[in-house]
Amino acid sequence: MSTAWRALLALVVMGCGAPSEHHDDEHGEHDEHEAADEHDDHDEAPAGEGVLVIDPSMLRDLRLTTAPVEARPGGEMVTALAELQTAPDLSNDLAPLLEARIERVLVNAGDRVEQGQPLAHLVSLGAAPLRAEVSSASARVELAEATLARRRALAADRIVPAREVQEAEAEVAQARAALAAAAGSARGVRGGPRGQVVLASPRAGIVLARDAIVGSVVEPGHVLFRVADISQLWLVAHLFERDAVRVAHGAPVRVTLAARPGVVIDASVARVGSQVNTESRTLDVIAELSNADGSLRPGMAATAAIAIGEREDRLLAVPSGALQRLAEGWVVFVPRGAGRFEVREVGRGRDFGGEVEIVSGLEAGESVVVDGAFLLKAEAERAQGGGEEHHHH
């Protein structure tokens, strides 16, 4: 440790290690016993070189949080911008198949809906033919199936040849295919007479978008609603092609979100895109994120740290907020009992999108202060500037 470091840490202890006279006079003997009780901990470090001592009354206002030093897969990591998207197989755009006038709208963006729940009532002259086609196709299937059953019975008695059974089987297959096609054309269309149509949700989920105004006339294919199940989302990261080609399926991904600072989500690579964006020279790398609690939203901005190349080595990492610049180097604050924090000098390595590699000074499993580390740094710097005259009020 350098001379400047030793001088700073000595000042930290002198400035913060003993309560001021004002504090003693104000709180008296009761607080001394209370502080003694709080500090009676086998993990406490005595006030000495490199230990920052914070008065209990101030400690309550700092709102400190800690996180463990974690071991991560080693190898090279690359950081890329990303965003959250709905999984294609878990979302649907709903549009009328025919020109229609919107009669009623039953949901708004953000509403949760169930499978089959009506979203809007439309009026269209073309709806009745669609339903009639489905009914006709269904009747043809019933007739073909009845014919097949009858011919099988006659063939069993050797009244008709086996060829007629085969023909009946082919007719059933054709009728069923026609019914499937008709039903596909009328999917989501339910209603009564006079061209009334009910546009229904094909899945349970959230209404992500609505573009439906009562009274307006919309063309076929105009998307009125987007409904998605967001219990699972895609993280789509945009990696430069030179990095993306080195990403393996299952490679670890560390995700941080602008909307949730301090939160790190672990994931793994599910697929790598097959076509390079010719403008940005990037490939999409996709990871699947569980979102059972619904706290994530499609469209959120994210940063993804993705392992590339060999990953046999291990490294240590802490949240980036835990590292603070003090004097000549980087430090973390390691809790050492009530109100006591060891000021630990560490070696800083690579940034991993919300986390920083630690190359020296810490071991896996140790705890470091994250939220509030900047405030502890400020207290250490104030102690350095004020020496023995520094007081906490």
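Here the structure is shown first, and the text comes after it.
The rules behind each value
- Residues numbered from 1 in each chain as written.
- Predicted model: local features only at pLDDT ≥ 70, side-chain atom pairs only at ≥ 80, totals over all residues.
- Heavy atoms only, no water.
- Helix = DSSP H or I, 4+ residues; strand = E, 2+ residues; numbered from the N terminus.
- Buried < 20%, exposed > 50% of the residue type's maximum accessible area, 1.4 Å probe, protein only.
- Areas by Shrake-Rupley, 256 points an atom, 1.4 Å probe, with all protein chains shown as cover.
- Pairing = 2+ DSSP bridges.
- Core = buried A, V, L, I, M, F, W, Y, C linked by side-chain atoms within 4.5 Å.
- Contact = heavy atoms within 4.5 Å.
- Axes fitted to C-alpha atoms, helices over the stretch in contact; angles between N-to-C directions.
- Salt bridge = Lys/Arg side-chain N within 4 Å of Asp/Glu carboxyl O.
- Lys, Arg positive; Asp, Glu negative; His and termini not counted.
- Polar contact = N/O pair within 3.5 Å; in protein donor to acceptor, adjacent residues only side chain to side chain.

Caption draft 1: Fine view of the overall build of the protein. A count of helical and extended segments in the protein gives seven helices and 24 strands. Taken over 393 residues, the protein has a buried fraction of 38%. Surface accessibility of the protein: about 20,900 Å² in total, with carbon and sulfur atoms responsible for 49%.

Caption draft 2: Molecular detail of the sheet that holds strand S11 (residues 205–210). Reading across from one edge, S5-S13-S11-S7 is the order of the four strands in this open sheet, with antiparallel pairing throughout. The open sheet is flanked by strand S5 (91–94) and strand S7 (112–113), the only strands paired with a single partner. Bridge analysis of S7 against S11 gives two bridges, and the strand direction is antiparallel. Counterpart to Arg112 in the pairing with S11 is Ile206.

Caption draft 3: Inspection of the nonpolar core at higher detail. Leu235, Leu239, Val253 and Ile306 are the most contacted members of the largest nonpolar core, which totals 30 residues. Among the elements of the structure, strand S4 (76–86), strand S14 (232–240), strand S15 (252–257), strand S16 (260–272), strand S17 (282–290) and strand S18 (301–308) are those that each provide at least two residues to this core. Discounting chain neighbours no more than four positions away, the residues touching Val253 are Leu235, Ile265, Asp266, Ala267, Ser268, Val269, Ala287, Ala304, Ala305 and Ile306. The next biggest cluster of nonpolar side chains, apart from the first, holds 17 residues, and it includes Val105, Leu119, Ala120 and Ala212.

Caption draft 4: Highlighting unusual backbone geometry. In this structure, Arg158 is a non-glycine residue whose phi angle is positive, near 60 degrees. Here Arg158 is to be found in the loop between helix H4 (127–156) and helix H5 (162–185). Judged by relative accessible area, Arg158 falls into the exposed class, the value being 79%. Its identity as a non-glycine residue notwithstanding, Arg281 has a phi of 60 degrees, on the positive side. Tracing the chain through its elements places Arg281 in the loop between S16 and S17. Residue classification places Arg281 among the partly exposed residues on the basis of a relative accessible area of 39%.

Caption draft 5: Region of the structure containing the sheet that holds S17. What the six strands build is a closed barrel, ordered S4-S14-S17-S16-S15-S18; its pairing is antiparallel. Ignoring strand direction, the axes of neighbouring strands in this sheet form an average angle of 40 degrees. One ladder, built from five bridges, connects S4 with S14; its direction is antiparallel. By the bridge assignment for S14, Ala82 is matched with Ala237.

Caption draft 6: How the structure looks around the environment of Thr65. Structurally, Thr65 can be placed in the loop between helix H3 (56–62) and strand S2 (66–68). A C-alpha to C-alpha distance of 8.7 Å links Thr65 and Ala373, two positions 308 residues apart in sequence. Residues within four places of Thr65 in sequence aside, it is in contact with Val368, Val369, Val370 and Asp371.

Caption draft 7: Up close: the environment of Val276. Looking at the secondary structure, you find Val276 in the loop between S16 and S17. The exposure class of Val276 is partly exposed, given its relative accessible area of 24%. Separated by 37 residues in the primary sequence, Val276 and Leu239 place their C-alpha atoms 9.7 Å from one another.

Caption draft 8: Region of interest: the pattern of salt bridges. Considering all chains together, one arrives at twelve salt bridges under this definition. Here Glu145 makes a salt bridge to Arg176, at a shortest N to O gap of 2.8 Å. Taken together, the residues span a long stretch of sequence, with Glu145 in helix H4 and Arg176 in helix H5 at a distance of 31 residues. For Glu145, a relative accessible area of 32% gives the class partly exposed. Exposure remark for Arg176: the relative accessible area of 48% places this residue in the partly exposed category. With a closest N to O distance of 2.9 Å, Arg281 and Glu241 form a salt bridge. Here Glu241 lies in helix H6 (residues 241–244) and Arg281 lies in the loop between S16 and S17, a separation of 40 residues in the sequence. Among the ionic contacts, a cluster of salt bridges with common partners joins Arg336, Glu342, Arg344 and Glu366.

Caption draft 9: A look at the side chain of Asp243. Among the structural elements, Asp243 can be located in helix H6. Buried and unpaired, Asp243 has Arg242 as its nearest opposite-charge partner, separated by 4.3 Å. Contact partners of Asp243, with chain neighbours within four places excluded, come to Val78 and Ile308.

Caption draft 10: Expanded view of the side chain of Arg203. Positionally, Arg203 belongs in the loop between strand S10 (196–200) and S11. Within the buried set, Arg203 has no salt-bridge partner at all; the shortest N-O distance to an opposite charge, 5.2 Å, is to Asp229. At a separation of 3.0 Å, a polar atom in the side chain of Arg203 contacts the main-chain carbonyl oxygen of Asp89. Among the polar contacts listed, one links the side chain of Arg203 to the side chain of Asn92, at a separation of 2.6 Å. In this view, Arg203 contacts Asp89, Leu90, Ser91, Asn92, Val113, Glu114, Gln115, Val227, Ala228 and Asp229; residues no more than four positions away in its chain are not counted.

Read these as geometric descriptors, not functional statements.
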